[in-house]
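Below, each chain spelled out in residue letters.
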Amino acid sequence: MAAQPPLKTTPLKDRHLRAGARLVAFAGWEMPVQYQGVLAEHRAVRTAAGLFDVSHMGEVEVSGKEAVGWLDSLTPNHVARLEVGQAHYSALLDEKAGILDDLLIYRLEADRFLLVINAANTTADLEWLGSHRRGGVEIENVTDATALLALQGPAAAKLLVQVMGPEVESLRPFRFRFLAWGGGEALISRTGYTGEDGFEIYLSPQPAGQLWDALLERGRDLGVSPVGLGARDTLRLEAGLCLHGQDIHAGTTPLEAGLGFIVKLDKGEFMGRHVLARQRQEGVTRRLCGFRLLERGIARHGHEVYVGDSHVGEVTSGTHSPTLGQSIGMAYLPWEATQPGQALAVQVRGSRLAGEVVPLPFYRRPRT
């Protein structure tokens, strides 16, 4: 049996260890899963702010005179409508409109883009992009040259203004700008994966530790703490955000996953468009739905879901919600069983626990 390659590490590994993090293998990387505990870290993000090291994410630059049209041919959202300084959420689709990956696309310049992809899919995505590359398009993997921090929570803007300057406060969601940091430039975007207001900061690996330290030091009095992958997962699930490989994958389409907002059929041809056009006209036969359990127990990924006596699917993601104090999850259900209030049951440790369909997201942050 071939030896497994060594795990990659982020530029902040030593800082994680000093902070008492428990490190685990994740998508080929050694990553902090928690520091003081998932529950405390989750609450820090909901009430103050949390700082995440997400440098394992993949970053790919796409440039050239054909870059706009090429990206529009591979993704369902409308790349040509992006302004310089704007980002959007989208997906890489195959010919059947299956979701090979979900991603963020940043328009850095008129013909230059940054794609942010999932760590587990970086190699496969690069191969897919390379196999479909055409003249006038350049693809560069800049993952190893990029560190990525995420500052998320109601105190995130206040803290980032203190550390990086007042310019960040005026950023609107899915907008970004470049600011000086550590002798170079950092890309600051108002994006995130927690359901809270927040920012993602892309910069060179060398000054990333300096920024990590500054944010935690200045944020101490605000209740800011480092957060690991464990709370990242509970936060994103409460916000109804999909995880690729569980809630979405090559066997699901954006319309089935409730991601119709990224499907722009009017922009012209793109990969999988014919499937999505037919689904939009005829309707989908299943849909990703949220549910909550009405009995004591926790629904987990892979647990069987029943409507009446019929086995209709499996839980794609499930957890105990720290914010709501109940067991929540997502599953693909037949279209006729997708209305809020629909009764269902989840097989948990040999028992079928009663539940019901609820609207997504489970949690919405308070508007100020």
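Residues numbered from 1 in each chain as written. Predicted model: local features only at pLDDT ≥ 70, side-chain atom pairs only at ≥ 80, totals over all residues. Heavy atoms only, no water.

Looking now at the packing of helix α5 (residues 156-164) against helix α6 (residues 208-219). Packing of α5 against α6 brings their axes to within 10 Å, and their N-to-C directions diverge by 120°. Considering their axes alone, α5 and α6 lie oblique with respect to each other. Crossing of α5 over α6 shows right-handed handedness. Facing α5, whose interface residues are Leu159, Leu160, Gln162, Val163 and Met164, α6 presents Leu211, Ala214, Leu215, Arg218 and Gly219. Partitioned by chemical class, the residues of the contact of α5 with α6 number seven nonpolar, two polar and one charged. (Axes fitted to C-alpha atoms, helices over the stretch in contact; angles between N-to-C directions. Helix = DSSP H or I, 4+ residues; strand = E, 2+ residues; numbered from the N terminus. Parallel < 35°, antiparallel > 145°, perpendicular 65-115°, else oblique. Left-handed = near helix turned anticlockwise from the far one by under 90°. Contact = heavy atoms within 4.5 Å. Nonpolar A, V, L, I, M, F, W, Y, C, P; charged D, E, K, R; others polar.)

One can find Glu59 in strand β5 (residues 58-63). Buried charged residue Glu59 carries no salt bridge. Nearest counter-charge: Arg232, at 9.5 Å. With residues near it in sequence (within four places) discarded, Glu59 still touches Leu114, Leu115, Val116, Glu140, Asn141, Val142, Thr143, Thr146, Leu148 and Tyr202. (Buried < 20%, exposed > 50% of the residue type's maximum accessible area, 1.4 Å probe, protein only. Lys, Arg positive; Asp, Glu negative; His and termini not counted. Salt bridge = Lys/Arg side-chain N within 4 Å of Asp/Glu carboxyl O.)

Within the closed barrel, the six strands sit side by side as β15-β18-β17-β16-β19-β20. Their pairing is antiparallel. When strand polarity is set aside, the average angle formed by the axes of neighbouring strands in this sheet is 40°. Alignment of strand β16 (residues 304-307) against strand β17 (residues 310-321), held across four bridges, turns out to be antiparallel. The residue bridging Tyr306 from the neighbouring strand is His311, located in β17. Against the sheet, helix α7 (residues 229-238) touches β17 and β18 (326-334), its axis set at about 120° to β17. (Pairing = 2+ DSSP bridges.)

Right, let's get into the nonpolar core. If you look at the biggest cluster of nonpolar residues, it comprises 43 residues, and the most contacted ones within it are Tyr106, Leu114, Tyr202, Ile248 and Leu276. Excluding residues within four positions of it along the chain, Leu114 makes contact with Glu59, Val60, Glu61, Leu104, Ile105, Tyr106, Leu108, Val142, Leu187 and Tyr202. Ala156, Leu160, Val168 and Phe199 belong to the second-largest nonpolar core, a separate cluster that totals 31 residues. (Core = buried A, V, L, I, M, F, W, Y, C linked by side-chain atoms within 4.5 Å.)

Another aspect to go through is the sheet that holds strand β6 (residues 87-93). Read across the sheet, five strands follow the order β6-β7-β8-β5-β9 without closing on themselves; strand pairing throughout is antiparallel. The open sheet has two edge strands, β6 and β9 (138-141), and neither has a second partner. Looking at each pair of strands side by side, their axes are set apart by 30° on average, direction ignored. Sheet topology note: the β5/β9 ladder contains four bridges and is antiparallel. From the neighbouring strand, Val60 faces β9, where its bridge partner is Asn141.

Of the residues making up α5, those classed as buried are Ala156, Ala157, Leu159, Leu160, Val163 and Met164. Around the axis of α5, the buried residues are gathered within 160° of arc, so they sit on the same side. Contacts made by the buried residues of α5 are with β10 (147-152), β11 (176-181), β12 (184-189), β13 (198-203) and α6. Where α5 terminates, the next one or two residues include Gly165, which has phi positive at roughly 115°. (Arc of directions from axis to C-beta.)

Any two aromatic rings considered together are summarised by their centre-to-centre distance and by the angle between their planes. For the structure on display, the rule yields four aromatic pairs. When the centroid spacing of 6.2 Å and the interplanar angle of 20° are considered together, the rings of Tyr89 and Phe261 count as stacked. Note that Tyr89 is positioned in strand β6 and Phe261 in the loop between α7 and α8 (273-282), a separation of 172 residues in sequence. With a centroid separation of 5.3 Å and an interplanar angle of 70°, the aromatic rings of Tyr106 and Phe176 are classed as edge-to-face. (Phe/Tyr/Trp six-rings, centres within 6.5 Å; stacked < 30°, edge-to-face > 60°.)

Tracing the backbone shows Asp125 in helix α4 (residues 122-131). This buried residue, Asp125, is left without a salt bridge; Lys8 holds the nearest opposite charge, at 13 Å. When residues no more than four places from it in sequence are discounted, the contact partners of Asp125 are Leu92, Leu100, Asp101 and Ile117.

Residue alternation in strand β4 (residues 50-53) divides its side chains into two sets, Gly50 and Phe52 and Leu51 and Asp53, and both sets are buried. In this structure, β4 lies alongside strand β14 (residues 225-227), joined through three bridges in parallel fashion. Residue pairing in the sheet places Leu51 in a bridge with Pro226 of β14.

It is worth spelling out unusual backbone geometry at this point. The phi angle of most residues is negative, glycine excepted, and most peptide bonds adopt the trans form. Omega for the peptide link from Leu360 to Pro361 comes to 0°, which places this bond in the cis form. One non-glycine residue with positive phi stands out, namely Arg349, at about 50°. Classification of Arg349 as exposed rests on a relative accessible area of 85%.

A few words on the packing of helix α2 (residues 38-47) against α7. The contact between α2 and α7 brings their axes to 8 Å, and the two run at 50°. With respect to their mutual orientation, α2 and α7 come out oblique. As α2 packs across α7, the resulting crossing turns out to be right-handed. Contacts from Val38, Glu41, His42, Val45 and Arg46 in α2 reach Gly230, Ala231, Thr234, Leu235 and Glu238 in α7. The class makeup of the residues in the contact of α2 with α7 is four nonpolar, three polar and three charged.

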